[in-house]
Amino acid sequence: MKILLTRPLHDFALMELRKRYDVEVHKGKVPMPKRLLLSRIADKDGLICYPYDRIDAEIMAAAKKLRAISTFSVGYDHIDTRAAAGRGIVVSYTPEVLTGATADLTMTLILDILRRASEGDRLIRSGRWKTILGPYEFLGSDLSGKTLGILGMGRIGTAVASRARAFGMKISYHSRSRLPASREKILGARYVTLDRLFRESDVISIHAPHTPETNEMVDMKILRKMKRSAYLVNTARGKIINERDLVVALRTGVIAGAALDVFQMEPTGPANPLTRLTNILITPHIGSATSETRRAMAEMAVRNLVLSLSGKKPVYQVRAG
Ligand code: NAP
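First, a word on scope: everything that follows refers to the structure included in this document. Because the structure is predicted, anything quoted here is derived from the model rather than measured. (Residues numbered from 1 in each chain as written. Predicted model: local features only at pLDDT ≥ 70, side-chain atom pairs only at ≥ 80, totals over all residues. Heavy atoms only, no water.)

### Looking at the nonpolar core
Within the largest apolar cluster, 48 residues are counted, with the highest numbers of intra-cluster contacts made by Leu-5, Leu-9, Leu-17, Leu-148, Met-153 and Ile-171. Core analysis: the next-biggest nonpolar cluster, separate from the first, contains 28 residues, Val-192, Met-220, Ala-258 and Phe-263 among them. (Core = buried A, V, L, I, M, F, W, Y, C linked by side-chain atoms within 4.5 Å. Buried < 20%, exposed > 50% of the residue type's maximum accessible area, 1.4 Å probe, protein only.)

Okay, here's the thing in structure tokens:
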């Protein structure tokens, strides 16, 4: 059987794959240019891809032999899962193994934006720390006693809730489905409407997937519901936020600040007006980027593909939607 990887993976994972398959690894431009992907996928039985590869119906139509797609991510908004189901292609992904790392990064962003740590780092490095700070200068906010509003209370949302509770935060959440009462009790989390979540929270943290329903759901209309002192944190997907509206909201004081790990277009850089604002903290999509987690994701991506190509159920299969 022949398989394609749209970029190199850990050596141990490639060795595992080479024991079983004829493996082609794209080593060039990332993401793999569509025309190249269309030509290379034609004779492949399996594919390992990444969140920035668009695996649409056209790619699947060109992939006459394709039986399995294994994505190195928990998000699968880059794959046309309906087209895959229509062609009998099994789609698998890597949830669970990256939950802790992504929740940790979310807490890093919440702590940093509330305590202005990176802003302080920039102050010193740019030579602007000229006098010893007085009692009213460079003040941040305590986490303790503040309300964290979680949008999307799934695996990562609940992991963030447990961590934030340890910092003394109160937890509200809004999600597509409400948690069982026993789970809410353990997490100390209160279910509220979307409207209340945005009106009452001191920090909103997004953990919903990117879907047609969540696409740009955080726009000016919803940002205006937030307290002027509130912060927005996004470690889910950039397309959930209307970035143009967020720039205006941050510039005009509609909200106090934001911390983002994900963007509408990635990679992003100085051309993005977000990068010119001071009340924002930005990281380059590193939610799952720890050695341990990326290794576990590689193991899972390989296991999923091997199981799918041997006609068995992968460990984590995406339901067609
Ligand atoms: P998950 O367990 O599926 O949790 C997502 C939650 O969002 C579920 O509870 C889901 O409800 C809820 N939801 C779905 N649609 C919604 C809507 N329209 N409004 C409100 N809630 C909605 O997924 P996860 O493992 O926590 O991952 C969440 C997302 O994080 C992924 O989709 C991925 O895009 C992102 N992520 C980013 C990074 C990074 O590097 N920054 C790393 C990992 C993950 P149901 O329970 O009804 O399905």
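### Regarding the sheet that holds strand E5 (residues 90-92)
Strand pairing within a sheet occurs via backbone hydrogen bonds; the two strands may be parallel or antiparallel. Strands sit in the order E2-E1-E3-E4-E5 across an open sheet of five strands; the sheet is parallel. Whereas interior strands pair on both sides, the edge strands pair on one side only; in this sheet they are strand E2 (22-25) and E5. This sheet shows a mean twist of 15° between the axes of neighbouring strands, independent of strand direction. Strand direction decides the pairing type here: strand E1 (residues 2-5) and strand E3 (residues 46-49), joined by three bridges, are parallel. Pairing of Ile-3 across the sheet is with Gly-46, part of E3. Here helix H1 (residues 11-20) sits on the sheet and contacts E1, E2 and E3; the angle it forms with E2, its principal contact strand, is near 140°. Sheet strands in contact with helix H12 (residues 291-309) are E1, E3, strand E4 (68-71) and E5, and its direction is about 170° off that of E4. (Pairing = 2+ DSSP bridges. Helix = DSSP H or I, 4+ residues; strand = E, 2+ residues; numbered from the N terminus. Axes fitted to C-alpha atoms, helices over the stretch in contact; angles between N-to-C directions. Contact = heavy atoms within 4.5 Å.)

### Concerning the pattern of salt bridges
Under the defined criterion, the tally for this structure stands at 20 salt bridges. Asp-56 is paired through a salt bridge with Lys-34; the nearest N and O atoms lie 2.6 Å apart. With Asp-56 in the loop between E3 and helix H3 (57-62) and Lys-34 in helix H2 (residues 34-41), this residue pair connects regions lying 22 residues apart in the sequence. Residue class for Asp-56 comes out partly exposed when judged on its relative accessible area of 23%. What makes Lys-34 partly exposed here is its relative accessible area of 34%. For the salt bridge of Glu-119 with Arg-116, the shortest nitrogen-to-oxygen distance reads 2.9 Å. (Salt bridge = Lys/Arg side-chain N within 4 Å of Asp/Glu carboxyl O.)

### Quick look at the pairing of E3
Burial along E3 is two-sided: Gly-46 and Ile-48 facing one way and Leu-47 and Cys-49 facing the other are all buried. Pairing analysis gives four bridges linking E3 to E4, with the strands arranged parallel. Paired with Leu-47 across the two strands is Ile-69, which belongs to E4.

### Comments concerning the site of the ligand
Close contacts around the ligand come from 24 residues, with Arg-155, Ile-156, Arg-176, Ser-177 and Thr-235 the closest. Residue Arg-176 places a side-chain N or O atom 2.6 Å away from an oxygen atom belonging to the ligand. Here an oxygen atom of the ligand sits 3.4 Å away from a polar atom, N or O, in the side chain of Arg-237. Summarising the interface, the protein chains cover 86% of the accessible area of the ligand, which totals 930 Å² for the free molecule. Looking at the shell around the ligand residue by residue, the classes come out as eight nonpolar, twelve polar and four charged. (Near = heavy atom within 4 Å. Polar contact = N/O pair within 3.5 Å; in protein donor to acceptor, adjacent residues only side chain to side chain. Areas by Shrake-Rupley, 256 points an atom, 1.4 Å probe, with all protein chains shown as cover. Nonpolar A, V, L, I, M, F, W, Y, C, P; charged D, E, K, R; others polar.)

### Topic: helix H6 (residues 117-125)
Along H6, the positions that sit buried rather than exposed are Ser-118, Gly-120 and Leu-123. Packing partners of the buried residues in H6 comprise helix H5 (99-115) and strand E12 (280-282). Just downstream of H6 lies Gly-127, where phi reads positive at about 75°.

### Some details on unusual backbone geometry
The phi angle of most residues is negative, glycine excepted, and most peptide bonds adopt the trans form. Of the consecutive residues Val-30 and Pro-31, the connecting peptide bond is found in the cis state with omega at -5°. Residue Glu-266 is joined to Pro-267 through a cis peptide bond whose omega torsion reads -5°. Position of Pro-267 among the secondary structure elements: in the loop between strand E11 (257-260) and E12. Despite not being glycine, Phe-138 has its phi angle at roughly 50°, a positive value.

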